[in-house]
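Descriptive structure summary
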Protein chains: 2
Amino acid sequence: MRIGELARQSGCGVETIRYYEREGLLPAPARSAANYRQYDQRHAERLAFIRHCRALDMTLEEIRTLLAYHDHPERPCHEVNGLIDAHLAHVAARIRQLQALETALVALRARCNGEAEAEACGILRELSRPLGEDELPAAGEGAHLPGAHG
Amino acid sequence: MRIGELARQSGCGVETIRYYEREGLLPAPARSAANYRQYDQRHAERLAFIRHCRALDMTLEEIRTLLAYHDHPERPCHEVNGLIDAHLAHVAARIRQLQALETALVALRARCNGEAEAEACGILRELSRPLGEDELPAAGEGAHLPGAHG
DNA sequence: ACACACCCTGTAGCCACTACAGGGTCAAGA
DNA sequence: TCTTGACCCTGTAGTGGCTACAGGGTGTGT
């Protein structure tokens, strides 16, 4: 199968597949006479594994670790559990942060009904106030998950 | 005041301040004879505004829009409200996504107690399963907020 | 005279892609 | 046979919001 079909099958872009190959997540496949990449079912399965992990928002580095276990089925798997636990903790932390953000934004939003001039707008006034020490930690701090703009 | 003091006062890095200047969020300040940037209170206030917005996880583009209202106090401010509403919607969407992620991860985690070999590990087995159509949309899709790794 | 903290510009790196530019290959239709 | 268009290749640059240099100049204290 060529790269385009693998892309359709896996639901990711052609460029992304080539990127995973460059990053060493997918092995370089055989090539046709015309230098086209030729994939088989094992490539498709490995890519499905990667996409499944990405859908769970794991980093490529985390996925690399999981693939190493995938590739060495005789190893004990407790590190796998640790990785998932750590990832879960990151996700939970990010949720708490975003909820705090949401609360702050709702409060901010309530300060203006949009019928004033900018000078009198309670939102802009509030944003001009410097941040308190404890106010809101910088977005994303601590967790290794991105902020609100995905 | 020089850039180092502004950085301490605002709680952000020196490089970040220079970055905001390059991006046009902070106006270029006067320079000393030695070509050092010299900031005054208005710069400090504008930087506080920016940092406040960043703490609410707004993009620099969103902040640019808000700063335009800040700079034109005679304009009506309803667009400000729209921007905050849109941002709130993004944050709320991201929270829902991450909660779905969390649920999926908890279910995944329950599949192995970490005492098996990788070959028998229910987590790796589950990750090898291809994603269903509706499973989990690609992280961050739709919302313009980043995923779990901030 | 020297150390050391601070400042300058400019460039490259981070992540996980995405989007080109500029070319080659292949099958179907006129 | 010629052309069209879909597909493929490599390599490079861009995204956002910083962060981290390299390689230099400046200011202050001892």
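Residues numbered from 1 in each chain as written. Chains lettered and ligands numbered in written order. Predicted model: local features only at pLDDT ≥ 70, side-chain atom pairs only at ≥ 80, totals over all residues. Heavy atoms only, no water.

Here the focus is the packing of aromatic side chains. All names here are of chain A. Summed over all chains, the structure comprises 2 aromatic pairs over all chains. Judged by centre distance (6.1 Å) and plane angle (45°), the ring pair of Y19 and Y20 falls under tilted. The partly exposed category is assigned to Y19, whose relative accessible area is 33%. Seen from the ring of Y69, R75 lies directly overhead, with NZ or CZ sitting 5.9 Å from the centre. (Phe/Tyr/Trp six-rings, centres within 6.5 Å; stacked < 30°, edge-to-face > 60°. Buried < 20%, exposed > 50% of the residue type's maximum accessible area, 1.4 Å probe, protein only. Lys NZ or Arg CZ within 6 Å of the ring centre and 35° of its normal.)

Moving on, we come to the nonpolar core. Of all hydrophobic cores here, the largest spans 79 residues; its most connected members are I17(A), M58(A), L66(A), I17(B), M58(B), L66(B) and V80(B). L66(A) has contacts with F49(A), C53(A), M58(A), V80(A), L83(A), L124(B) and L127(B), leaving out every residue within four places of it along the chain. (Core = buried A, V, L, I, M, F, W, Y, C linked by side-chain atoms within 4.5 Å. Contact = heavy atoms within 4.5 Å.)

Of all residues adjacent to DNA strand D, which total 18 residues, the nearest are G4(A), R18(A), R37(A), Y20(B) and Y36(B). Of all atoms in DNA strand D that approach within 4 Å of the protein, 76% are sugar or phosphate atoms. E15(B) is positioned with one of its side-chain polar atoms (N or O) 3.3 Å from a base nitrogen of DNA strand D. Between DNA strand D and R54(B), the relevant distance is 2.9 Å, taken from a phosphate oxygen to a side-chain nitrogen or oxygen of the residue. Among the elements of the structure, α1 (3–10) of chain A together with α2 (14–22) and α3 (41–55) of chain B are those that each provide at least two residues to the surface near DNA strand D. (Near = heavy atom within 4 Å. Polar contact = N/O pair within 3.5 Å; in protein donor to acceptor, adjacent residues only side chain to side chain. Helix = DSSP H or I, 4+ residues; strand = E, 2+ residues; numbered from the N terminus.)

The next point concerns the environment of R94(A). By the element assignment, R94(A) lies in helix α5 (residues 78–109). Counting along the chain gives 91 residues from R94(A) to I3(A), while the straight-line C-alpha distance between them is 35 Å. Within the structure, the side chain of R94(A) is placed 2.9 Å from the side chain of D57(B), a separation counted as a polar contact.

Turning our eyes to something else, we now look at the protein's contact with DNA strand C. Around DNA strand C lies a shell of 18 residues, among which Y20(A), Y36(A), G4(B), R18(B) and R37(B) are the nearest. Near the protein, meaning within 4 Å, the atoms of DNA strand C are sugar or phosphate in a fraction of 77%, with bases accounting for the rest. With respect to DNA strand C, the side chain of Y36(A) contributes an N or O atom lying 2.8 Å from a base nitrogen. A distance of 2.6 Å separates a phosphate oxygen of DNA strand C from a polar backbone atom of G4(B). For the surface near DNA strand C, the secondary structure elements donating two or more residues are α2 (14–22) and α3 (41–55) of chain A together with α1 (3–10) of chain B.

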